[in-house]
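# Reading the structure
The chain contents come next:
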Amino acid sequence: MSSLYVDELRIARGGHPVITEASFNVPHGTTTVIVGPSGSGKSTLISAIAGLINVNGGTLQLDAREITNVPTAQRNIGLVFQDNQLFPHLNVADNVAYGLRRKGVRRSDCDVRVSEVLQLVGLEGFGERAVGELSGGEAKRIALARSLAPAPELLLLDEPLNGLDDSLHDRLLHDLVTVLSTSQTTAIWVTHHRKEAERAGTQLLRIHDGVVSPESTKRSQWNVQIVSADDTFDLRRQVLRDGTRTADVNFDGDETAIHLSVSDPASGEIIAISSWFQRNRQHQTINGLQLRGMASHPNYRGQGAAQALLRSGIELGRSLSVDEVWARARDTALDFYLAHGFHTTGPGYLDDNTGLAHHDVVLSLR
Ligand code: ADP
Ligand code: MG
């Protein structure tokens, strides 16, 4: 997998400009979600990145390789569409092997890779099935397996979950996010579905009037205050509320740490306390416009310094030990931040102390 760099991309359709400004990076192994209403240019952008249509300006780069004018077949990019586009006359294994066969991979190697990706999507043993026998959810996962089989450097998903009923939609959303992150796939996922967008990726962008830009939350939605280390101790207790053994809430009293409380101005309720520690991070700054925090990815569970105590901790607090509250808060931290208008700034990094992966998250306050 590689990182994608999109620089000042411009794309027209039928002589009309559709994308006028798109500059963003998709860090290696992460999913960037781009949300925009119907007709905003999501498919246009995906098609241009895949090389299915030409661009009018700008560059596309996969790691060091510029691909702006490279033919589609040589870009090593995978695609997943809303309607799956499985071949009805081929069984599951042959569908999944399709891209590999076209690349000239030997039958025996294909078989190995096909069972690998079927296992990845939770459908091992489905190889002999006819495509027509698959449920909607199974067909979606086979389409994903097929596009992952040739190990594309980048995977593009164009509204992959459209047209599914609510419960299937939510289950598949979870499955798809899990597969993308366990396989460390570098992906762009476009959707018009705001809720889906908030849950699907580590970076959230939007298309508005032809411009692709980070999705942000308005300042008025949050009260962000810098608080002292002593205050954070009290605030943490307040967030945990009664029923939790607050005396056990330990706190790393690092003098270089910066602490912020984030509260909802409507209710006054504190929704998060974010503490971060200079010794772990070189470029932690508050410039008055951005709130920075770290969130551990749900796939990297384990012990480590919790950086935020979150709503989930409050809700779960009553019957759980403090350790469990911390662990759960940490596991949901990234989801929480993304659901509240933060976006990630990079591919994540390993925490010096714990060896766990973290992501920087930023809330634009402008
Ligand atoms: P989305 O995927 O966000 O719904 P599209 O990328 O499909 O949006 O379309 C963006 C704009 O480009 C729309 O105004 C659409 O009418 C126009 N468009 C899409 N495909 C073509 C085409 N093949 N020829 C001309 N215009 C097109
Ligand atoms: Mg579209």
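The rules behind these values
- Residues numbered from 1 in each chain as written.
- Chains lettered and ligands numbered in written order.
- Predicted model: local features only at pLDDT ≥ 70, side-chain atom pairs only at ≥ 80, totals over all residues.
- Heavy atoms only, no water.
- Helix = DSSP H or I, 4+ residues; strand = E, 2+ residues; numbered from the N terminus.
- Buried < 20%, exposed > 50% of the residue type's maximum accessible area, 1.4 Å probe, protein only.
- Contact = heavy atoms within 4.5 Å.
- Areas by Shrake-Rupley, 256 points an atom, 1.4 Å probe, with all protein chains shown as cover.
- Pairing = 2+ DSSP bridges.
- Axes fitted to C-alpha atoms, helices over the stretch in contact; angles between N-to-C directions.
- Polar contact = N/O pair within 3.5 Å; in protein donor to acceptor, adjacent residues only side chain to side chain.
- pLDDT = per-residue confidence, 0-100.
- Near = heavy atom within 4 Å.
- Nonpolar A, V, L, I, M, F, W, Y, C, P; charged D, E, K, R; others polar.
- Salt bridge = Lys/Arg side-chain N within 4 Å of Asp/Glu carboxyl O.
- Parallel < 35°, antiparallel > 145°, perpendicular 65-115°, else oblique.
- Left-handed = near helix turned anticlockwise from the far one by under 90°.
- Core = buried A, V, L, I, M, F, W, Y, C linked by side-chain atoms within 4.5 Å.

### So, the overall build of the chain
The helix and strand tally for the chain stands at 10 helices and 18 strands. With 366 residues in all, the chain has 51% of them scored as buried. Contacts in the chain between residues far apart in sequence, at least 24 positions, make up 68% of those at least 6 positions apart. Surface accessibility of the chain: about 17,100 Å² in total, with carbon and sulfur atoms responsible for 47%.

### Some thoughts on the sheet that holds strand β7 (residues 154-158)
Spatially, β5-β4-β1-β2-β10-β9-β3-β8-β7-β6 is the arrangement adopted by the 10 strands of the open sheet, whose pairing is mixed. Where the open sheet ends on each side, the last strands, each with one partner, are β5 (65-66) and β6 (77-81). Here helix α4 (residues 136-148) sits on the sheet in contact with β6 and β7, set at roughly 170° to β6. In this fold helix α5 (residues 166-182) packs onto β3 (31-35), β7 and β8 (187-191), with an angle of close to 160° to the strand it touches most, β8.

### A short note on the pairing of strand β4 (residues 57-62)
Pairing of strand β1 (residues 4-13) with β4, which is carried by five bridges, proceeds in the antiparallel orientation. Bridging from a neighbouring strand, D7 pairs with T59 of β4. Examined bridge by bridge, β4 and β5 share two bridges and lie antiparallel to one another. The partner of L62 across the bridge, within β5, is R65. Hairpin connection from β4 to β5: two residues lie between these consecutive antiparallel strands, with D63 at a positive phi of about 50°.

### Quick word on the side chain of N84
Of note, N84 is situated in the loop between β6 and α2 (92-102). Only 2.9 Å separates the side chain of N84 from the side chain of K140, close enough to count as a polar contact. In this structure N84 touches A139, K140, A143 and R146, once residues within four positions along its chain are discounted.

### Concerning the confidence of the model for the chain
In this model, the chain carries a mean pLDDT of 74, and residues with pLDDT of at least 70 account for 58%. Here residues 240-256 is a poorly scored stretch, pLDDT under 50, and it has 35 contacts once near neighbours within four places are set aside; other chains count. Across residues 276-332, confidence stays below pLDDT 50; counting only partners more than four residues off in sequence or on other chains, it has 158 contacts.

### Observations regarding helix α1 (residues 42-50)
When you tally the buried positions in α1, you get eight out of nine residues, the bulk of the element. Along α1, the positions that sit buried rather than exposed are K42, T44, L45, I46, S47, A48, I49 and A50. Where α1 ends, the next residue or the one after it, G51, has phi of about 90°, a positive value.

### Regarding the site of ligand 1
Inspection of the region around ligand 1 gives R13, G14, V18, P37, S38, G39, S40, G41, K42, S43 and T44 as its neighbouring residues. Within the contact set of ligand 1, a nitrogen atom lies 2.9 Å away from a side-chain nitrogen or oxygen of R13. A distance of 3.0 Å separates an oxygen atom of ligand 1 from a polar atom in the backbone of G41. Summarising the interface, the protein chains cover 55% of the accessible area of ligand 1, which totals 560 Å² for the free molecule. Sort the elements by how many residues they give to the shell around ligand 1 and α1 lands first, with three residues. Residues that form the shell around ligand 1 fall into these classes: two nonpolar, seven polar and two charged.

### Structural notes on the pattern of salt bridges
A complete count under the given rule lists six salt bridges for this structure. Between K42 and E159 there is a salt bridge whose closest N-O contact spans 3.6 Å. Linking K42 in helix α1 with E159 in the loop between β7 and α5, this pair joins segments that are 117 residues apart in sequence. The partner of E153 in a salt bridge is R65, with the nearest N and O atoms 3.0 Å apart.

### Considerations on the packing of α2 against helix α3 (residues 107-120)
The description of two helices packed together rests on the angle between their axes and the distance between the axes. Taken N-terminus to C-terminus, the directions of α2 and α3 make an angle of 120°; their axes are 9 Å apart at the nearest point. In terms of orientation, α2 lies oblique with respect to α3. Here α2 and α3 pass one another in a crossing that is right-handed. Residues V92, A93, D94, V96, A97, L100 and R101 of α2 form the contact with α3, whose own contacting residues are R107, C110, R113, V114, V117 and L118. Class assignment for the residues of the contact of α2 with α3 results in nine nonpolar, no polar and four charged.

### Quick word on the nonpolar core
Nonpolar side chains tend toward joint burial in soluble globular proteins. The biggest cluster of nonpolar side chains holds 39 residues, and the ones touching the most others in it are V96, I142, L144, L155, L157 and W189. Within the residue set of this core, elements represented by two or more residues are β3, α2, α3, α4, β7, α5, β8 and α6 (194-200). Beyond its immediate sequence surroundings of up to four residues, V96 is in contact with V114, V117, L118, I142, A145, R146 and A149. Listed in part, the 28 residues of the second largest apolar core include I19, I34, I67 and V212.

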